[in-house]
Amino acid sequence: MSEPQSSLLLRKQLAELNKNPVEGFSAGLIDDNDIYRWEVLIIGPPDTLYEGGFFKAHLYFPKEYPLRPPKMKFVTEIWHPNIDKSGDVCISILHEPGDDKYGYEKASERWLPVHTVETILISVISMLADPNDESPANVDAAKEWRENYQEFKRKVARCVRRSQEDCL
Amino acid sequence: MGNCLKGTSNEDISLLRENERSSEQQIEPIQPSSYRDRTPVFYPTPNDGRPANQLTEEEQVRIARRIGLMEHLPILAYDDSINKNKECVICMIEFKIGEEVRYLPCMHVYHVSCIDDWLMRSFTCPSCMEPVDAALLTSYDTN
């Protein structure tokens, strides 16, 4: 059986990211024998509450990639309105077109087969800097972000500190 | 953004996930290598694939209409003197001169099999997000 297109495409991206790393994150595989499961380390973006943190996340690609999006899950504990308490990332570009039952999202904001690990992570890093509280995945974090920013900051700072300890 | 809010508690969700994963692992090894040759699967919505005999009449009509529209999208041989794009942005593989590529109304080009698989799920250009059906109709009007 020849190698599926998805696997070739992911291999190509991995090689490219190893050759020309992108600022803000590093990427590799969870298990060298499984190209569909990636582990990334996101560096908390400068000038945000997450600055100084090292956040590990996993990306799970379906065999139908790039027709279907991967799922992304933070392994490091992180407090953010768009990341649920089990670490699952909720951003529109990881949602399949037509998935939006309630019509909150424009088709253009959803998954497209031109997205790569790099474009996904750029979106996630920008989400860290700029949460979207219209449709939160972690309601408590969203509420705090709006109404009790001091407490929100304190929780994020604790995550940043813990992420540094985990990395040592 | 959005729509990730879950009604059930986190514990329920993680249990569900666990089941999903273990059932996937069981199914994968027995999947025949020639799965492309089996009954074709259609996508009334992008994440919902079903064989033709399990589609409603309305869904069949919608898919047939889409296939009909796709036939109006020209397939031409790739010519590097005309096309600026050197590679298909879906599979990231370079076009070979003379290879068949499909043109969308917005003039973006892709490998025929790459774009057709996507159009069957979502009728938009992956590069500029222009809805293909609306663009096709406009091009008819202007001609």
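As the structure is a prediction and not an experimental result, all values here were calculated from the model. (Residues numbered from 1 in each chain as written. Chains lettered and ligands numbered in written order. Predicted model: local features only at pLDDT ≥ 70, side-chain atom pairs only at ≥ 80, totals over all residues. Heavy atoms only, no water.)

1. Description of the confidence of the model for chain A
Cut-off, in case you're wondering: Each residue carries a pLDDT score, the predictor's confidence in it, ranging from 0 to 100. By the criteria applied, helices consist of DSSP H or I runs no shorter than four residues and strands consist of E runs no shorter than two, each listed in order from the N terminus.
Averaged over all residues, the pLDDT of chain A is 91; the fraction at 70 or higher stands at 92%. The secondary structure element of chain A with the lowest average pLDDT is helix 4 (residues 149-167) of chain A, at 94, and the one with the highest is strand 4 (residues 71-74) of chain A, at 98.

2. Looking at helix 3 (residues 112-119) of chain B
As a reminder of what qualifies: Using a 1.4 Å probe on the protein chains alone, a residue whose accessible area is under 20% of its type maximum counts as buried, one over 50% counts as exposed, and one in between counts as partly exposed.
Most of helix 3 of chain B is tucked away, with 6 of its 8 residues classed as buried. Of the residues making up helix 3 of chain B, those classed as buried are Val112, Cys114, Ile115, Asp116, Trp118 and Leu119 of chain B.

3. Comments concerning the environment of Gln60 of chain B
All names here are of chain B. The line we're drawing: Every residue pair with non-hydrogen atoms within 4.5 Å of one another is taken to be in contact. Pairs of N or O atoms are called polar contacts if they sit within 3.5 Å, as long as, within protein, a hydrogen donor faces a hydrogen acceptor (for residues adjacent in sequence, only side-chain-to-side-chain pairs).
Locating Gln60 in the fold gives a position in helix 2 (residues 57-70). Sequence-wise, Gln60 and Tyr43 are 17 residues apart; in three dimensions their C-alpha atoms are separated by 10.0 Å. Residues in contact with Gln60, not counting those within four places in the same chain, are Ala52 and Leu55. A polar side-chain atom of Gln60 sits 3.4 Å from the main-chain carbonyl oxygen of Ala52.

4. Topic: the sheet that holds strand 4 of chain A
Within a sheet, adjacent strands bond to each other through the backbone by hydrogen bonds, running parallel or antiparallel. Residues and elements named next belong to chain A. As a reminder of what qualifies: Here, any two strands with at least 2 DSSP bridges between them count as paired. For helices, the fitted line uses only the C-alpha atoms of the stretch in contact; every axis is such a line through C-alpha atoms, and the angle between N-to-C directions lies from 0 to 180 degrees.
Strand order across the open sheet formed by 4 strands is 1-2-3-4, with antiparallel pairing between neighbours. Edge positions in the open sheet fall to strand 1 (25-29) and strand 4, since each of these has one partner strand only. If you compare each strand with its neighbour and ignore which way they point, the axes differ by 25° on average. Where helix 1 (residues 5-19) meets the sheet, it contacts strand 1 and strand 2 (37-43), and its direction lies at approximately 135° from that of strand 1.

5. Here's the deal with the pairing of strand 4 of chain A
Within a regular strand, the side chains alternate between the two sheet faces. Residue and element names in this part refer to chain A. Side chains Met72 and Phe74 project from strand 4 onto a buried face, and the interleaved Lys71 and Lys73 project onto a face without burial. Taken together, the 4 bridges between strand 3 (residues 54-60) and strand 4 define a ladder with antiparallel strand orientation. Note that in strand 4 the partner of Tyr60 across the bridge is Lys71.

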